[in-house]
Amino acid sequence: MSVTKEFFGYTRDGQAVFRYTLTNANDMEVQVISYGAALRSARVPDRHGRLADVLLGYDSLREYELRDGFFGALVGRVANRLRLARFCIDGTVYQLQPNEGENHLHGSFSFRVLDAEMGENSLTFSFLSPDGEEGYPGNLSVTYRYTLTDDNRLTLDYTATTDNATILNLTNHAYWNLGGHDSGDVLDTVLQMNCSQFTETDRESLLTGNVFPVEGTAFDFRTPKPLGRDIDADHPMLRWALGYDLNLVTDRPSMIQPVATAYSPKTGIVMDYYTTQPGTQLYSGNYISLQPPRRGKGGVIYENRHGFCLESQHCPCATDFPQFDTTVLRPGEVYRQSAAYQFSVKK
């Protein structure tokens with residue numbers, strides 16, 4: 001087990017960014033950069049024992065700054081969208097900076113340079129988000145840790161405290177392609193998710209407050225099926241989002257039993273996904289393509305549906321709907337959530 005550090009580049013405003021590499025006894029290798037604490041690559045053994053890089057990412061820091069897409073990044077303060085970039089706590093309305101039309105998406109954590117502490121098999125980022133940043137209340141202290149173990153498990157641990165009531169919903173925005181980041185679309189990826197319900201969204205991907213069973217819909221992954229089988233089905237949420245981009249309600253959050261399992265028939269790589277959170281955003285990379293093209297590692301052109309995300313989260317816009325688990329964090333409370341991705345091979 002080892003953790004190494006190398007210089008990766010300077011941001012446009014002159015901040016030094018480093019690349020960290022975690023390696024385990026099986027030669028699995030995970031790279032993280034200090035810009036957005038972003039996962040840049042994950043090289044895991046395939047069915048032939050060869051290492052395949054199963055994460056979309058960029059070769060240069062400039063691409064992260066210009067093309068971003070939240071590739072592999074820590075997302076916060078609040079994952080997903082807030083309607084009209086506002087929320088209410090205890091009768092006080094807070095106005096945030098709109099960054100997607102009139103709405104607020106994800107926040108700014110993905111675009112800051114963070115200091116890291118290297119452990120024997122871990123990497124820990126700790127930072128302060130000051131009161132008033134982007135309009136959020138409270139001085140928020142955040143600790144975010146990656147841990148790689150010899151059973152090919154990558155764990156993400158989130159911890160935070162605040163000195164004033166705020167909202168918090170942290171996640172990671174990794175784009176996975178278990179066939180290899182350079183293998184094209186992910187539509188043949190076989191996905192199974194222990195999620196019996198989904199939260200309805202409107203044309204702007206904002207929650208309506210309605211929760212429906214997945215049974216009889218394209219959103220039913222309780223039995224394994226290829227990601228592409230129903231992706232173009234006649235459902236308004238699929239048409240509006242150009243594919244999957246929805247919150248699925250986790251039946252039993254767990255760090256012991258997988259919440260979801262994905263498998264690539266190309267490589268035989270299996271990824272088990274775990275989370276302590278009540279929801280998972282399934283995103284099929286519907287807006288990856290750019291003009292000019294989004295050029296990833298090794299000069300590969302990433303197109304729409306070339307990666308998929310499993311983003312652990314609480315329900316987006318939760319403060320608008322009291323029936324959902326709260327995302328409010330108060331002084332004296334400790335925010336603790338975890339997610340993990342564990343890799344194996346199906347022969």
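*Asks:* Looking at this structure, how should I read the pairing of strand β3 (residues 29-33)?
*Replies:* One face of the sheet, then the other: side chains in a regular strand alternate in exactly this way. Within β3, five of the five residues are buried, which leaves it mostly tucked inside the rest of the structure. Of the two faces of β3, the one holding Glu29, Gln31 and Ile33 and the one holding Val30 and Val32 are both buried throughout. As consecutive antiparallel partners, strand β2 (residues 16-23) and β3 are separated by five residues, and within that stretch Asp27 has a phi angle of approximately 70 degrees, a positive value. Where β3 lies against strand β4 (residues 38-45), five bridges are found, and the strand directions are antiparallel. Paired with Ile33 across the strands is Ala38, a residue of β4.

*Asks:* What is the right way to look at unusual backbone geometry in this model?
*Replies:* The peptide bond linking Gly76 to Arg77 adopts the cis configuration, its omega dihedral lying at 15 degrees. Relative to the helices and strands, Arg77 is located in the loop between β6 (74-75) and β7 (81-82). Phi at Ser205 is positive, roughly 65 degrees, even though this residue is not glycine. Residue classification places Ser205 among the buried residues on the basis of a relative accessible area of 15%.

*Asks:* Can you walk me through the pattern of salt bridges in this structure?
*Replies:* A pair can form between side chains of opposite charge whenever their charged atoms are brought close. Scanning the model with the defined rule gives 17 salt bridges in all. With a closest N to O distance of 3.5 Å, Glu65 and Arg12 form a salt bridge. Of this pair, Glu65 sits in helix α1 (residues 61-67) while Arg12 sits in the loop between β1 (2-10) and β2, and the two are 53 residues apart along the sequence. Here Asp234 ties to Arg239 by a salt bridge, and the two come within 2.4 Å at their closest N and O atoms. Look at Asp234 and you get exposed, because its relative accessible area is 71%. Note on Arg239: relative accessible area 47%, which makes it partly exposed. Several salt bridges share partner residues, and in doing so they unite Arg12, Arg62 and Glu65 into one network.

*Asks:* Explanation requested: the packing of aromatic side chains in the structure shown.
*Replies:* Aromatic rings in a pair are described by how distant their centres are and how their planes are angled relative to each other. Using the criterion set out here, one finds 23 aromatic pairs in the structure. Both rings, one in Phe8 and one in Tyr64, keep their centres 6.4 Å apart while their planes meet at 70 degrees; by these two values the pair is edge-to-face. A residue pair is termed long-range when its members are at least 10 positions apart, and Phe8 in strand β1 and Tyr64 in helix α1 qualify at 56 residues. An identical accessibility class is assigned to Phe8 and Tyr64; each is buried. Plain terms: the ring middles of Tyr144 and Tyr158 are 5.0 Å apart, the flat faces sit at 25 degrees to each other, and that makes the pair stacked. Of this pair, Tyr144 sits in strand β13 (residues 140-148) while Tyr158 is found in strand β14 (residues 153-162), placing the two residues 14 residues apart along the sequence.

*Asks:* Would you explain the nonpolar core in this entry?
*Replies:* Nonpolar side chains tend to gather and get buried jointly when the protein is soluble and globular. Trp176, Tyr244, Leu282 and Phe343 are the most contacted members of the largest nonpolar core, which totals 62 residues. If one sorts the elements of this core by residue count, β13 sits on top with five residues. The residues contacting Tyr244, other than those within four sequence positions of it, are Ala218, Phe219, Phe221, Lys225, Leu227, Asp230, Ile231, Leu238, Leu282, Tyr283, Ser284 and Asn286. In terms of nonpolar packing, the next biggest core, distinct from the first, is built from 16 residues, Ile33, Leu61, Ala73 and Tyr283 among them.

*Asks:* Teacher, can you tell me more about the sheet that holds strand β19 (residues 207-213) here?
*Replies:* Hydrogen bonds between backbone groups are what pair the strands of a sheet, and the pairing can be parallel or antiparallel. If you walk across this open sheet you meet the five strands as β19-β18-β21-β24-β27, and the pairing is antiparallel. Each edge of the open sheet carries a strand with a single partner, namely β19 and β27 (309-313). Averaged over all pairs of adjacent strands, the angle between strand axes in this sheet comes to 30 degrees, irrespective of strand direction. As paired strands, strand β24 (residues 279-283) and β27 are joined by five bridges and run antiparallel to one another. In the strand pairing of β27, Leu282 is matched with Leu310.

Rules behind the numbers
Residues numbered from 1 in each chain as written. Predicted model: local features only at pLDDT ≥ 70, side-chain atom pairs only at ≥ 80, totals over all residues. Heavy atoms only, no water. Buried < 20%, exposed > 50% of the residue type's maximum accessible area, 1.4 Å probe, protein only. Helix = DSSP H or I, 4+ residues; strand = E, 2+ residues; numbered from the N terminus. Pairing = 2+ DSSP bridges. Salt bridge = Lys/Arg side-chain N within 4 Å of Asp/Glu carboxyl O. Phe/Tyr/Trp six-rings, centres within 6.5 Å; stacked < 30°, edge-to-face > 60°. Core = buried A, V, L, I, M, F, W, Y, C linked by side-chain atoms within 4.5 Å. Contact = heavy atoms within 4.5 Å. Axes fitted to C-alpha atoms, helices over the stretch in contact; angles between N-to-C directions.

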